[in-house]
Amino acid sequence: MSLDLKKMEEAISDFVNSDEGKVYFEKERIKNEILNSRYTRFEKWLETNDFDKLLYRLILIHSSDEYRDSCYHNGYMPMPNNLLQFIMDYIVDRYAPIIVNKLDCDFPNVIYFFKGYYFQIIHGQGSICRIYNKTDMRLLLQI
């Protein structure tokens, strides 16, 4: 192992064993615990509520000119709001990517299937999120 790698390994080990490192990892553990409890609450919500209604409401919000203009006005490209981002994070965290040849593109991308919809994340200089209906492969949202 080269000298630089040994120094880096020692620095990481020192940080992990330091008080600062212990505080950092405890904060990360708490964040992960909170996120998992939110995922559990979402799963319970899905048992008694209609995901289609929620998703179509989010599609309607994200497709509106007002939402897109608001994003541009605040200095950023249109992106998922907190609720849609939570759903995307949940799917990425809890489901394995699949291969759908019809949706493949030239850029690196991952596709997930959830509740009758394909969620595609295309990576480039940024990320594009696409949502397709499984039954007719219709693009419902691109943001």
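Please refer to the structure placed before this passage.
Residues numbered from 1 in each chain as written. Predicted model: local features only at pLDDT ≥ 70, side-chain atom pairs only at ≥ 80, totals over all residues. Heavy atoms only, no water.

S.K.: Got a minute to help me understand unusual backbone geometry in this structure?
M.R.: Peptide bonds are mostly trans, and most non-glycine residues show a negative phi. Even without a glycine there, the phi angle at Lys115 is positive, about 55°. Summarising the element assignment, Lys115 is placed in the loop between β1 (109-114) and β2 (117-123). For Lys115, a relative accessible area of 44% gives the class partly exposed. For Met137, which is not glycine, the phi torsion reads 55° and is therefore positive. For Met137, the location among the structural elements is in the loop between β3 (127-133) and β4 (139-142). (Helix = DSSP H or I, 4+ residues; strand = E, 2+ residues; numbered from the N terminus. Buried < 20%, exposed > 50% of the residue type's maximum accessible area, 1.4 Å probe, protein only.)

S.K.: When you look at the packing of aromatic side chains in this model, what are you seeing that I'm missing?
M.R.: What the rule picks out here adds up to 15 aromatic pairs. Ring geometry for Phe42 and Phe86: centres 5.5 Å apart, planes at 90°, overall edge-to-face. Highlighted residues: Phe42 in helix α2 (residues 19-48) and Phe86 in helix α5 (residues 82-94), separated in sequence by 44 residues. Ring centres of Tyr56 and Tyr117 lie 6.3 Å apart, and the angle between their planes is 70°; on these two criteria the pair is classed as edge-to-face. Within this pair, whereas Tyr56 is found in helix α3 (residues 51-63), its partner Tyr117 is found in strand β2, the two being separated by 61 residues in sequence. Residue classification places Tyr117 among the buried positions, given a relative accessible area of 4%. (Phe/Tyr/Trp six-rings, centres within 6.5 Å; stacked < 30°, edge-to-face > 60°.)

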